[in-house]
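Fold and geometry: a report
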Amino acid sequence: MACKYKTTSCKSARPIPKKYREKTTITTKNTIIGNTVLYGATSGKLYASGQAGERFAVRNSGSFAIIEGCGAHGCEYMTGGNAIILGAVGDNFGAGMTGGSAYVFDEDRSFVDKCNKDLVSFNRITSQEMEAHRSYLKDRINDFIRETDSSIGKKLLAISIT
């Protein structure tokens, strides 16, 4: 399911694209929502069991989303809202980001090279001081699993966040 421009300027929507139920589908390697999804979103939630294209959540000022990866320029110029990305991101992530928060599962430790560090600061959530973030993520990923049956979400809860 590809939805280019489907949820631009989202306000109070709750789209939940789900992967095709074929066992061979690897959701972190399949783009199921297109470019510019959540461009300028002011509220609402998005759960996508798969990747987003380029410019995901650009100018997001209030929506919440969980996806399993995104292309280049994710969360660019974001001023509010929250994004949880359970897979790889493309180059220039967070360029011009002045608000909101983004959590990125950095399995291969490549995020530091893909993040635009001009305005973004980042921390790993491995220390005890980050327990509140781990708890927040666990709750949100449980919601994501309930809505999408995400195998990636289940794997992360089992190995990383607990």
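Model, not experiment: these values are computed from the prediction.

1. Some words on the overall build of the protein
Along the protein, the regular secondary structure elements total three helices and six strands. Reading the helices (α) and strands (β) of the protein from amino to carboxyl end gives β-β-β-β-β-β-α-α-α. Here the protein holds 162 residues, and the buried ones make up 47% of them. Contacts in the protein between residues at least 24 apart in sequence constitute 31% of all its contacts with a sequence separation of at least 6.

2. Concerning the environment of Gly71
Relative to the elements of secondary structure, Gly71 occurs in the loop between strand E4 (61-67) and strand E5 (79-85). Placed 37 residues apart in sequence, Gly71 and Gly34 show a C-alpha to C-alpha distance of 9.6 Å. With sequence-adjacent residues up to four places away left out, Gly71 is seen in contact with Ala52, Gly53, Glu54, Val89 and Gly90.

3. Let's talk about helix H2 (residues 131-148)
In a regular helix each residue adds 1.5 Å, so 18 residues correspond to 26 Å; H2 covers 25 Å between its end C-alpha atoms and thus fits that length. Those residues of H2 not exposed but buried are Arg134, Leu137, Ile141, Asp143, Phe144, Ile145 and Thr148.

4. Some details on the side chain of Asn60
Note that Asn60 resides in the loop between strand E3 (51-52) and E4. The exposure class of Asn60 is buried, given its relative accessible area of 1%. At 2.9 Å, the side chain of Asn60 forms a polar contact with the backbone nitrogen of Ser63. When near neighbours in sequence (up to four residues on either side) are disregarded, Asn60 contacts Leu38, Gly40, Ala41, Met78, Thr79, Gly80, Gly81 and Asn82.

5. Points about the pattern of salt bridges
With the rule as written, the count across this model stands at seven salt bridges. For Arg55, the salt bridge identified is with Glu76, shortest N-O distance 2.7 Å. Here the residue Arg55 occupies a position in the loop between E3 and E4, and Glu76 occupies one in the loop between E4 and E5, the gap between them amounting to 21 residues. Overall, the relative accessible area of 8% leaves Glu76 in the buried class. Connected via shared salt-bridge partners are Arg140, Asp143 and Arg146.

6. Some details on the packing of aromatic side chains
Per the counting criterion, the structure on display carries five aromatic pairs. Residues Phe93 and Phe111 carry aromatic rings whose centres are separated by 5.5 Å and whose planes lie at 70 degrees to one another, so their mutual orientation is edge-to-face. Residue Phe93 is found in the loop between E5 and strand E6 (99-104), and its partner Phe111 is found in helix H1 (residues 111-114); the two are separated by 18 residues along the sequence. For Phe93, a relative accessible area of 3% translates into the label buried. Assessed through its relative accessible area of 12%, Phe111 is described here as buried. Judged by centre distance (5.7 Å) and plane angle (35 degrees), the rings of Tyr103 and Tyr136 are tilted.

What counts, and where the lines are drawn
Residues numbered from 1 in each chain as written. Predicted model: local features only at pLDDT ≥ 70, side-chain atom pairs only at ≥ 80, totals over all residues. Heavy atoms only, no water. Helix = DSSP H or I, 4+ residues; strand = E, 2+ residues; numbered from the N terminus. Buried < 20%, exposed > 50% of the residue type's maximum accessible area, 1.4 Å probe, protein only. Contact = heavy atoms within 4.5 Å. Expected span 1.5 Å × (residues − 1). Polar contact = N/O pair within 3.5 Å; in protein donor to acceptor, adjacent residues only side chain to side chain. Salt bridge = Lys/Arg side-chain N within 4 Å of Asp/Glu carboxyl O. Phe/Tyr/Trp six-rings, centres within 6.5 Å; stacked < 30°, edge-to-face > 60°.

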